[in-house]
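# Examination of the molecular architecture
For reference, the chains in residue letters:
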Amino acid sequence: MKSYRKELWFEIPRRRGFVNITHTLQDCVRESGIKEGLLLCNAMHITASVFINDDESGLHHDFEVWLEKLAPEKPYSQYKHNGFEDNADAHLKRTIMGREVVVAITDGKLDLGPWEQVFYGEFDGMRKKRVLVKIIGE
C-alpha cells in the first residue's frame, strides 16, 4: 500500500470564511499516484473545519447566519473560555461543522456525489493555519 502526506496552508483575511479545496485535493490525488484508496483531509487547528457540501453562495451565507445564531461571536463575555481569548465561538462552530472528511478515491479521482464539494471552514482567521491531506491506497 502507498501513502501520501501533504500540508495545505490557509490565511483567511477575515474572522470567518469558506474556501473550496476540492480541486486542490484532486491535485493531491494526482500527485500521489494512488488510483484506489482513501483520502483523509482534516483541519489541524481547533477553530477551523473541513466539511463537504454544495458550493452555492446562498448556502454559505445561510451557514454563516445559522452558526452565528448557534454560537454568536459577541458579547465575548458570554463565554468562560474568553478570559484570555475572544474565540470561544470559533471552537463551538468548528465542533458543529466537523474536523475532517474521508473521501473514496476511485480510478484516480475523488469519488464525490454530483453536488458535493470539499471546503475549508475558518472561524477565527487572520493567521496561518494548516490542513492535513493523507492518502492511502494502491
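Scroll up to find the structure this text is about.
Residues numbered from 1 in each chain as written. Predicted model: local features only at pLDDT ≥ 70, side-chain atom pairs only at ≥ 80, totals over all residues. Heavy atoms only, no water.

### Focus on the overall build of the protein chain
Rule in force here: Numbering goes from the N terminus for both helices and strands, where a helix is a DSSP run of H or I of at least four residues and a strand is a run of E of at least two. Burial classes: relative accessible area under 20% of the type maximum marks a residue as buried, over 50% as exposed, and values in between as partly exposed (1.4 Å probe, protein chains only). The contact rule is simple, with two residues in contact once any of their heavy atoms fall within 4.5 Å. What sets the accessible areas is the Shrake-Rupley method with a 1.4 Å probe; for residues, cover comes only from the shown protein chains.
A tally of regular secondary structure across the protein chain gives three helices and eight strands. Ordered by position from the N terminus, the helices and strands of the protein chain form the series β-β-α-β-β-α-α-β-β-β-β. The dimensions of the protein chain, computed from C-alpha atoms along their principal axes, are 50 × 30 × 20 Å. Considering the protein chain as a whole, with its 138 residues, one finds that 43% of them fall into the buried category. For the protein chain, long-range pairs separated by at least 24 residues make up 84% of all intrachain contacts whose partners lie at least 6 apart in sequence. A total accessible area of about 7700 Å² is found for the protein chain, and carbon and sulfur atoms account for 55% of it.

### Section: the environment of Tyr79
Convention followed: Here a polar contact means two N or O atoms within 3.5 Å. Within protein one must be a hydrogen donor candidate and the other an acceptor candidate, and residues neighboring in sequence count only if both atoms are side-chain atoms.
Position of Tyr79 among the secondary structure elements: in the loop between α2 (57–70) and α3 (88–97). Tyr79 sits 10 residues away from Asp89 along the chain, and the two C-alpha atoms are 8.1 Å apart. Apart from the residues lying within four places of it in its own chain, the contact partners of Tyr79 are Ala71, Pro72, Glu73, Ala88, Asp89 and Leu92. A distance of 2.7 Å separates a polar atom in the side chain of Tyr79 from the backbone oxygen of Pro72.

### Describing the nonpolar core
Our working rule: Note on terminology: a nonpolar core comprises buried Ala, Val, Leu, Ile, Met, Phe, Trp, Tyr and Cys residues joined through side-chain atoms within 4.5 Å.
If you look at the biggest cluster of nonpolar residues, it comprises 23 residues, and the most contacted ones within it are Ile21, Leu25, Leu39, Cys41, Val50, Val133 and Ile135. Of all the elements in the fold, those that place two or more residues in this core are β1 (2–10), α1 (22–32), β3 (37–43), β4 (48–53), β5 (100–106), β7 (117–122) and β8 (129–137). Every residue in contact with Val133, bar those within four places of it in the chain, is listed here: Tyr4, Arg5, Lys6, Leu8, Leu25, Cys28, Leu39, Leu40 and Cys41.

### What to know about the sheet that holds β4
Inclusion rule: The criterion for strand pairing is that DSSP finds at least two bridges linking the strands in question. Axes, fitted as lines to C-alpha atoms, cover a helix only where it is in contact. Angles between the N-to-C directions of the axes lie from 0 to 180 degrees.
Across the sheet, three strands lie side by side as β2-β7-β4; this open sheet has antiparallel pairing. Bordering the open sheet on either side are β2 (17–20) and β4, each of which pairs with just one other strand. The average undirected angle you get between the axes of adjacent strands in this sheet is 30 degrees. Judged from the four bridges that link them, β2 and β7 form a sheet pairing that is antiparallel. Within β7, the residue paired with Asn20 across the bridge is Phe119.

### A short note on the sheet that holds β1
Pairing is antiparallel in the open sheet, where five strands are placed in the order β1-β8-β3-β5-β6. Looking along the sheet, the strands with just one partner apiece sit at the ends: β1 and β6 (109–110). In the sheet, β5 pairs with β6 via two bridges, with the strands oriented antiparallel. Paired with Ile105 across the two strands is Leu110, which belongs to β6. Sitting on the sheet, α1 touches β1, β3, β5, β6 and β8, and the angle it makes with β1 is about 150 degrees.

Function-wise, these values are silent; they only describe arrangement.
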